[in-house]
Amino acid sequence: MLTFQHILNNILSIIIWLPIVTGILVLLINKKQTGYLAVLIGGVNLFLSCLMLKNFNIVGHGWQFIEHYQWLPNLGIYYALGVDGFSILLIVLASVVNLLVLIISLQPTPNRSKYMACFLIMNGLINGVFAATNAILFYMFFESMLIPLFLIIGIWGGQQRVYATIKFFLYTCLGSMLFLIAIIYLHKTAINSGFSLEQSFVIQNFYLLTLTIKQQVYLFVALFIAFAIKIPIVPFHTWLPDAHVEAPTEGSVVLAAITLKIGAFAMIRFLLPIVTDACLLLSKFVIWGSLFTIVYIGFITVAQKNLKKLIAYSSISHMGFITMGLFIAINLVQRDQDINLAILSMNGSIIQMISHGLISAALFFSIGALYKRVGSYNLEDFSGIIHSMPIFTKLFMVFCLANVALPGTIGFAGELLIILASFKVSYLLAVMASTSLILSVVYTLCMYKKVVFGELDHDGHNHSKILTDLNYKETLVLGGSAILILLLGIWPAPMLNILNNSTLDFIRAIS
Amino acid sequence: MIINTLMLPEILIASLSCFILLWDVFISRKYRITSYIFTQLGLIGIIVSICYNFKNLYITDKNIYFFNNSLTINCQINFFKLIISSFMLMIFIYTKDYIKSKNYFFGEYFVLSLLSMLGMIIVISSSNFLNFYLGVEMFSLPIYALVGLESKEINIEASIKYFIIGAVFSGILLYGLSLIYGASGNLNFQVINSFIQTQHVTILFKVGAILVLVAIFFKLNLVPMHMWVPDIYQGAPIPVTMLLATLPKIATVVIFSRIINEVFIKLFNDYWQILLIFISVLSLIIGNIGAILQTNIKRLLAYSAIGHAGFILLGFVTNSTAGRTAANFYVVLYALMAIGLFGVMAMFSKADLEFDEIKDFRGFGKQHPWLGGMLLIILFSMIGFPLTIGFYAKLLIIKSLIDANLILVAIVAVLLSVISLFYYLRIIKAMYFVENVTENSDYNINNFKIFKLKTTWPAVLSLSINGILALGLGVFPVFINSILIYFEL
């Protein structure tokens, strides 16, 4: 008999494989109506992940909802799943964003069912990345989740899609290769230091290894390049604007909201706890590199004429805060022994991940809605849409203000915590990081002004009159994300409660 | 009478090929299909007899020798016989329509392929260098003839080229064997092994051993013995390219790991390791970079085969059982995937059309969603992408390298294999990413014609099995776990 407890015991497997199997089914049936099935499964998945969140024990430590099966036991590869506070939040985020994406893609796209199947399969694989506790399993999901995205950009993208998607694919695969070597090397070290084959690929056992500083630096380089490409940090960022501009709206949403988070999440899982000493040694480079990313990309963003590129660059700039927060945390723990502030900085990074996920998703949805009506991403082609799209304008306002980290939105919480913690490391850093927020105000509000206000007949571009306001699907999606952004901004306590113990565990692992 | 049943597959293959040869002489042109049917039935019989032999063999058993210690069999060798004959069956299924439409649906194709297969089976079960040499010649000579099957100028050129180069390297092999014989006084694997262990190994013997390796590297088309590969691949008709790109490689890798393990294991030192690393890295570089600019898929696969061979050779540099197991596993998977890819090409080449340019694949994924999906899986498996079976092959080789502390080699190898992504992605790009093919009407009309052609169900089934195996075993690798021991040679 299939009871509720059975479902709860295998809930991680269900939220990984249910979308994948449904996606393959949708591909095989290939009828237009199967799109609704896809949305239904997306909803079920969100429901299941919320169910998991409800049953998550916030006072417990370590992995929860553990599953452990044989996969390739000869090599020590086990199908081992589990979640902690970080990953459960990201799984919920991924499910929310995926449901929104599926709803919005219920429009007449060519090959709609295949398109939605790709998103479903990708959602399953992404959940797998967040849930895997075996390093090789993690790597498999980490890498194979690129295939659906590669196809989405390549098949449904814009003019230069082939160039963009191949660039994206090659870039990310190059990083992953080094990651694979690092994993196998760690496995070998684990075997040499007495772990059994079954335990040798478990991520948490990697934390216990004693590595010399030389080994750590090599491992740091391999892992850091792999994850920095995904996040991305300057100078590994050049693939992202291309991929974003050429991707269809929904592809951009998933790329910005979830795929980039995987890089930061992998840093939390692998880089910081495993090669802690090397991280401390090189933390100056990473912190100032992140600041450079924030400021430099901020200036680039100000100069953008293409709406989508603007949002893409702004998203890189905001991702800089996450790496900065993580490396500030390690600095605080190791050098200043200030655990409380380190916890603050860690939580700030995680919240920044979630807020960036929601905000960038919402912004890309908005840009997509505009593109559908105007057929252009060019900033010059927009003006005065406040006259024809009042609902859109109001929601867009919320997202833009959240993007500039206005208090009361979720964007504020993360960046505030990180900047607060950065004072302890260096005043100069804190001052520069906080003034860099001005840049985001500049580009976001300039964009808002250009798009929303202005003359109706601007340079003979008279699109704005014929624009229709949001339809019910778009209102649902954009309104839903606005509510989430405001709600979590005003009341972030539940997130912090869930994070609490995992952050403590993490701080213990890196001290 | 264990010996008799153990030799049954070889006897069956030999008699089957003789029978088809005779049958083909007496049958009229109209009923030529019967040769195909008899070949396939015979092959199924051979596969059954090989499977039956597993009953008498146990995985832990030592080798069983017969014919004055010149042939041997154990569980693993029997397993490779099974693999070679079932892949042969698959190749015949894929290529039946092709050779029918090209008007050389004669018994020769089947007879020569079967004889070549007999040669491969003799090679992998030989335990005497003379048998090894005979087997190598036996599987090479029919292929030289098969390359010229179509008797067009390009085929004949390829055939002669292949034959001359092959003859030179067979001479090198024979010379090396004669040196080994001169130094040790015997050609039997076990005797030579005990000779190496007990007595001083002279320079004469070492030169002989190196010459044997050179001949093996030629068969694996490794750099610098690779010049012939692209021309031969392109010159041969697709069914023959499919055959020569896959099965001889399996046989060669298997016998190579057996020779290293059973004969030269004590001779293997750091110099050998450096030599092997050097050759495999060179092959990876030349193979992968050479493939980037190819527009013809046969040529592309020829260069990629050089790269894959380099990767396979990396399994041997560690001189460990794990490495050799990885190499054997890799070559079998490579062959399976290559058969699938060549199979698609064979399915869609008809009459005067060769379906072998990248541009021919334009719109393939949209016209044939199911076949396109299967081919997509096969290509990703060839790249070695996770959640396909190719990943485990790559993982095993890299793991064997890192376990032997050859981390730099592993890094170089995987970074060079990223290049291989690019040219496989070009095929995927042509399949899926090219929009309305109207921009370039030449290709379109051509492709339209090609895709309208009906595919036959055995070929579709075969490709589906290929694709589903690649994905299914990738997602549920528990099954690999139990068969991995069969690759341990």
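This one's a predicted model, so the numbers in the text were calculated from it and none came from an experiment. (Residues numbered from 1 in each chain as written. Chains lettered and ligands numbered in written order. Predicted model: local features only at pLDDT ≥ 70, side-chain atom pairs only at ≥ 80, totals over all residues.)

Visitor: Explain the overall build of chain B to me, and be specific about the residues and the numbers.
Guide: Scanning chain B for helices and strands turns up 20 helices and 2 strands. For chain B, whose C-alpha radius of gyration is 22 Å, the value lies close to the compact-globule estimate of 23 Å for 489 residues. Referenced to the eigenvectors of the C-alpha coordinate spread, the extents of chain B come out at roughly 70 × 60 × 45 Å. The contacts of chain B with a sequence gap of at least 6 include a subset with a gap of at least 24, amounting to 79%. (Helix = DSSP H or I, 4+ residues; strand = E, 2+ residues; numbered from the N terminus. Rg over C-alpha atoms; globule rule 2.2 N^0.38 Å. Contact = placed C-beta atoms within 7 Å.)

Visitor: An account of the packing of helix α15 (residues 339–374) of chain A against helix α16 (residues 390–403) of chain A is needed here, citing residue identities and associated values.
Guide: Residues and elements named next belong to chain A. Between α15 and α16, the least distance of the axes is 10 Å, while the angle of their chain directions is 145°. As α15 packs across α16, the resulting crossing turns out to be left-handed. Where α15 abuts α16, its residues Ile359, Ala362, Leu363, Ser366 and Ala369 lie against Phe392, Phe396, Phe399, Ala402 and Asn403. Considered class by class, the residues forming the contact of α15 with α16 number 8 nonpolar, 2 polar and no charged. (Axes fitted to C-alpha atoms, helices over the stretch in contact; angles between N-to-C directions. Left-handed = near helix turned anticlockwise from the far one by under 90°. Nonpolar A, V, L, I, M, F, W, Y, C, P; charged D, E, K, R; others polar.)

Visitor: With reference to specific residues and values, describe the packing of helix α14 (residues 307–336) of chain A against helix α17 (residues 410–425) of chain A.
Guide: Helix packing for two helices is described by the angle between their axes and how far apart those axes are. Residue and element names in this part refer to chain A. Two numbers describe how α14 lies on α17: the axes approach to 9 Å, and their chain directions differ by 40°. In this view, α14 runs oblique relative to α17, as classed from their interaxial angle. Note on packing geometry: the crossing formed by α14 with α17 is left-handed. Residues Phe321, Met324, Gly325, Ile328, Asn331, Leu332 and Asp336 of α14 lie in contact with α17, whose contacting residues are Gly414, Glu415, Ile418, Ala421, Ser422, Lys424 and Val425. Split into classes, the residues belonging to the contact of α14 with α17 amount to 7 nonpolar, 4 polar and 3 charged. (Parallel < 35°, antiparallel > 145°, perpendicular 65-115°, else oblique.)

Visitor: Just give me the short version of unusual backbone geometry, but keep the residues and values in it.
Guide: The amide bond that connects A:Val234 to the next residue, A:Pro235, takes the cis arrangement and shows omega of 10°. As for its position among the elements, A:Pro235 is in the loop between α10 (213–230) and α11 (239–246). With an omega of 5°, the peptide bond running from B:Val223 to B:Pro224 counts as cis. Secondary-structure assignment places B:Pro224 in the loop between α8 (203–219) and α9 (229–235). Phi angles above zero are rare outside glycine, and B:Asn68 is one such case at about 55°.

Visitor: How would you explain helix α13 (residues 276–302) of chain A if you had to name every residue and give the values?
Guide: Owing to its 3.6 residues per turn, the α-helix brings residues three or four apart onto one side. Under the 1.5 Å per step criterion, the end-to-end length of α13(A) is 36 Å for 27 residues, consistent within 8% with the ideal 39 Å. When the local axis directions of α13(A) are compared, the greatest deviation, roughly 60°, occurs at A:Leu282. (Expected span 1.5 Å × (residues − 1). Bend = angle between axes of the 7 residues up to and from the residue.)

Visitor: Please provide a residue-by-residue account of the interface of chain A and chain B, values included.
Guide: Accessible area lost during the coming together of the parts is what is often quoted as the interface size. Of the residues lining the interface, 27 residues belong to chain A; the matching set on chain B comes to 27 residues. Those elements that place two or more of their residues in the side of chain A that touches chain B are β1 (64–72), α6 (135–144), α7 (146–156) and α8 (161–192) of chain A. In terms of residue count, the dominant contributor to the side of chain A that touches chain B is α8(A) (13 residues). For the side of chain A that touches chain B, a count of residues per class yields 19 nonpolar, 5 polar and 3 charged.

Visitor: Any chance you could break down the confidence of the model for chain B for me, citing the residues and the numbers?
Guide: All names here are of chain B. The predicted model of chain B averages 88 in pLDDT, with 94% of residues at 70 or higher. The secondary-structure element of chain B with the lowest mean pLDDT is helix α18 (residues 441–452), recorded at 57, while helix α12 (residues 297–317) shows the highest, at 93. We note a pTM of 0.93 for the whole complex and an ipTM of 0.91 for its interfaces. (pLDDT = per-residue confidence, 0-100.)

Visitor: Tell me about the pairing of strand β2 (residues 77–83) of chain A, and please be specific about residues and values.
Guide: All names here are of chain A. Counting buried positions along β2 yields 5 of 7 residues, so the element is predominantly enclosed. With 6 bridges connecting them, β1 and β2 associate as antiparallel partners. Each residue of the ladder has a partner; that of glutamine 70, found in β2, is tyrosine 78. With antiparallel pairing between neighbouring strands as the criterion, β1 and β2 make up a hairpin whose turn holds 4 residues, including glycine 76 at a positive phi of roughly 85°. (Buried ≥ 20, exposed ≤ 12 C-beta atoms within 10 Å, placed from the backbone. Pairing = 2+ DSSP bridges.)

Visitor: Describe the nonpolar core, listing the residues and the values that go with them.
Guide: Of all hydrophobic cores here, the largest spans 389 residues; its most connected members are A:Val97, A:Ile181, A:Leu223, B:Ile84, B:Ile250 and B:Tyr330. In terms of residue count, helix α13 (residues 321–348) of chain B provides more of this core than any other element does, 20 residues in total. (Core = buried A, V, L, I, M, F, W, Y, C linked by C-beta atoms within 7 Å.)

Visitor: Break down the environment of B:Asn155 for me, citing the residues and quoting the values.
Guide: All names here are of chain B. With respect to the secondary-structure elements, asparagine 155 resides in helix α6 (residues 153–184). Assessed through the 18 C-beta atoms surrounding it within 10 Å, asparagine 155 is described here as partly exposed. Spatially, the C-alpha atom of asparagine 155 lies 8.3 Å from that of isoleucine 232, the residues being 77 residues apart in sequence. Other than its neighbours up to four places away in sequence, asparagine 155 contacts Val147, Gly148, Leu149, Glu150, Gly235, Ala236 and Pro237.

Visitor: How would you explain helix α19 (residues 457–475) of chain B if you had to name every residue and give the values?
Guide: Residue and element names in this part refer to chain B. Here α19 is 19 residues long and its end C-alpha atoms lie 26 Å apart, about the 27 Å a rise of 1.5 Å per residue gives. Inspection of α19 places Ala459, Ser462, Leu463, Asn466, Gly467, Leu469, Ala470, Leu471 and Gly474 among the buried residues, and these make up the whole buried set. For α19, the secondary structure elements touched by its buried residues are α3 (75–101), α13, α15 (369–383) and α16 (389–403).

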